[in-house]
Amino acid sequence: MTASRPATAPAAPNPVALRLGYAGLIPFVLGAALVWLLPPYSDEHVFALEGMAKYAALIVSFLGGIHWGLGFRATVPSPGPFAWGVVPALLAWIAVLMPAYAGLVVLGALLIVCYVVDRKAYRAHDAEAWLTLRFRLSAVAALSCFLAAAGS
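Only a predicted model underlies this, so the values are computations on that prediction, with no experimental measurement involved.

We now examine the overall build of the chain. Within the chain one finds six helices and zero strands. Along the chain, helices (α) and strands (β) appear in the sequence α-α-α-α-α-α when read from the amino end. Each of the three principal axes of the chain carries a C-alpha extent, and together these read 55 × 30 × 20 Å. Split into buried and exposed, the 152 residues of the chain put 38% on the buried side. Considering only intrachain contacts with a sequence separation of at least 6, the fraction spanning at least 24 residues in the chain is 74%. For the chain, the exposed surface amounts to about 8300 Å²; the carbon and sulfur share of it is 76%. Side chains of the chain give 9 positive and 6 negative charges; the mean places of these two sets differ by 14 Å.

Rendered as structure tokens:
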């Protein structure tokens, strides 16, 4: 084991984490559906659009925070995980300040970028067993963001 790897790593995703991860997709899928189903420019439509953008920003920030946890687990901490860990939150903040239809495109792209970064980071920290779940969650969440942006 190298000095940068954690002392222990989960062998497979916890079943509770799997269920909660999939449950976390509900606001994405429901939000995208509501954006398409509600009358355009109605208060409800705007609420669904903005709510989805804010939820996506929270999730993107959460994905960055995971890197702090990975950094804390390293026997010889590198500044890399901590530096990257704040980037998604800062970019998500900018996306939330944009009109929701544009911010959702940025947030969808950030979900993809976070997954690409995580593919390398999870392998380096012996957490690659989580990548299938991360791919599925990221794909549905990003697609939902893009669909909601298109329906705005």
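Moving on, we come to the pattern of salt bridges. For the coordinates displayed, the defined rule picks out one salt bridge. For Arg 134, the salt bridge identified is with Asp 118, shortest N-O distance 2.5 Å. With Arg 134 in helix 6 (residues 131-150) and Asp 118 in helix 5 (residues 100-124), the pair connects residues that are 16 residues apart, well separated along the chain.

Basis of the calculations
- Residues numbered from 1 in each chain as written.
- Predicted model: local features only at pLDDT ≥ 70, side-chain atom pairs only at ≥ 80, totals over all residues.
- Heavy atoms only, no water.
- Helix = DSSP H or I, 4+ residues; strand = E, 2+ residues; numbered from the N terminus.
- Buried < 20%, exposed > 50% of the residue type's maximum accessible area, 1.4 Å probe, protein only.
- Contact = heavy atoms within 4.5 Å.
- Areas by Shrake-Rupley, 256 points an atom, 1.4 Å probe, with all protein chains shown as cover.
- Lys, Arg positive; Asp, Glu negative; His and termini not counted.
- Charge placed at Lys NZ, Arg CZ, Asp CG, Glu CD.
- Salt bridge = Lys/Arg side-chain N within 4 Å of Asp/Glu carboxyl O.

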